[in-house]
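The residues making up each chain are set out below.
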Amino acid sequence: MNEIAKLQPQAVWKNFDLLTQVPRPSGHLEKVQKFLLDWAKEHNVEAFKDEAGNIVMRKPATPGMEDRKIVTLQGHMDMVPQKTKESNHNFETDPIQTWIDGEWVKAKGTTLGSDDGMAVATIMGIFEDDSIPHGPLEGFITADEETTMYGVEHMAADTLKGEILLNLDDETEGQMIVGSAGGVNQQGELEYKPEPTEAGDAGVKITVKGLLGGHSGLEINEGRANANKLMARIVSDAIANFEARLCSWEGGNMRNAIPNRAEVVLALPKENVEALREECIADWQRTLSDEFAVVEKNLAVELEEVELPAEQVPAEIADNLVDALCACHDGVMRMIPEVPHIVETSSNIGIVQIGGGKAAFTFLVRSSRDSMRECCALTIESVLSMAGMKVSYDHSYPAWQPNPKSEIVALMSRVYKELFGVESKVQVVHAGLECGVIGAKYPKMDMVSFGPTLRSPHTPNERCNIPSVEKYWKFVLETLANIPKK
Ligand SMILES: [Zn+2]
């Protein structure tokens, strides 16, 4: 038993301590699935693993509460395996080493797994204790949320019996999430026949770098620059005014990250190189530094002479591709009309690759309203089609649209106020949550997401705030005690 097992509330921390001893990085869940099934057997809890690798548990109501609505308590079993450069931790075999630093529980050199081990520990704490009053309960511990939401994506539409779903995967105590964005990957592709560069031309590499980048959902409204978008303006200028020809483009590497760097290689008449450096690159450095002065402090546009590549993109195709990048939507498209401080619809030109006879652009389009996601994707598709690109889609997941009539949100708002004397904040997030996928399969489910306070999840600096766990635990128990009758 480790130090954290003695923290309050014991029911949560003791089980979280057990869970830290079981390896459970996304993609390697056999050990934790077995651990949960063994634990259930030992505690006389009905449990099974479904066809998607999720663990489902059931517990009858405490006497006198049989007529309450069935509550599904949900969290994911997998954790993000991140460690410091110095750490030699093996996520598939080693236990997480926890320690207490003031008000925080942390891990030594790795992610802590409080995202979402806190939820699993909460479910264990409730299911093993017969003195907690509650109606009929279901525990739903999902597989591989962090990578592909595999568990909820592949679950059957008749696995769950619950009518109310408490998703325990939020990271800020005192708030309740009532809606999340859906998303879709969008690709534009085109093949072209490269032509030889002109003998006597010079090769130059232009780099846009030093940008903040970030999460293409949660940070899309922070005014950050997209390296591909900035580069499109620079290349458009270089082609129009300095006789430059596009040879290749590499910008960004993840569809869901704002690209913080892009590089292109251009060919141009040798005598234009100095003019390009002085009049184009230097100008863009000034203009863009000015435009983004408040947000992007390290924005840099650089030119370097390189060997002239053998091939370039034919001029007409290069014009089409650059025009498409200039024209397609990127960033926030609309805020939620009813909640004007939250982004509803956005896009991110995550990856641009041109060279070797192929051009490929990858976008992630998000919206909390499915019809607006389609609208944004259509806007981009129209531009890409005009440029002669073939457009395709994959990995779409549905939005979780807020339900203003939600009975559980009204009940929990009242319970929170009674317990703590302050209002809880009701929020919608511009990122994907499992609730979106669950809601699409169980349209009648009344859902809400909340949790204790975590900081820097998905990094070796992940930490869980101890006092917040106590409040969160009280909130869960009081909610269960007040679940309405069927
Ligand atoms: Zn999570």
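Note that residues are indexed from 1 along each chain, following the sequence as it is written. Reporting in this predicted model follows two pLDDT cut-offs: at least 70 for local features of residues, and 80 or more for side-chain atom pairs to be given and counted; totals over whole chains, interfaces and linings ignore these cut-offs and use all residues. Just so you know, side-chain values use all the structure's heavy atoms and leave hydrogens and water out.

What exactly am I supposed to notice about the pairing of strand β8 (residues 175-180) here?
Strand residues, when the strand is regular, have side chains that alternate between the two faces of the sheet. Most of β8 sits out of view: 6 of its 6 residues are buried. As paired elements, β8 and strand β20 (residues 425-429) share 5 bridges and run parallel to each other. Considered in β20, the bridge of M176 is made with V426. Each residue's exposure class comes from its accessible area (1.4 Å probe, protein chains only) as a fraction of the maximum for that residue type: buried when under 20%, exposed when over 50%, partly exposed otherwise. Numbering of helices and strands runs from the N terminus; a helix is a DSSP stretch of H or I covering at least four residues, while a strand is a stretch of E covering at least two. Whether two strands pair comes down to DSSP finding at least two bridges between them.

Quick question: what am I supposed to make of the coordination of the zinc ion here?
Only H76 (NE2), D115 (OD), D169 (OD) and D169 (OD) from the protein coordinate the zinc ion, and they sit 2.0 to 2.8 Å from it. In this structure, the zinc ion is coordinated by 4 donor atoms arranged in irregular fashion, with angles at the metal of 50 to 143°. Mapping the donors of the zinc ion onto the primary sequence yields the spacing H-x38-D-x53-D. With H76 in strand β3 (residues 71-76) and D169 in the loop between β7 (164-167) and β8, this residue pair connects regions lying 93 residues apart in the sequence. Neither residue differs from the other here; H76 and D169 are each classed as buried. Shown as donors are all N, O and S atoms within 2.8 Å of a metal ion, widened to 3.2 Å for Na, K and Ca; because water is not in the atom set, sites may appear incomplete. Geometry assignment treats four donors as tetrahedral when all angles are between 85 and 135 degrees, treats four as square planar and six as octahedral when opposite donors are over 155 degrees apart and all others between 65 and 115, and treats everything else as irregular.

In this structure, what is going on with the environment of P194? I would like to understand it.
Within the secondary structure, P194 sits in the loop between β9 (182-191) and β10 (195-196). Since its relative accessible area comes to 27%, P194 is described here as partly exposed. Put simply, P194 and G357 are 163 residues apart on the chain and 5.5 Å apart in space, counted from C-alpha to C-alpha. Not counting residues up to four positions away in its chain, the partners in contact with P194 are E311, Q312, P314, G356 and G357. We call two residues in contact whenever any of their non-hydrogen atoms come within 4.5 Å of each other.

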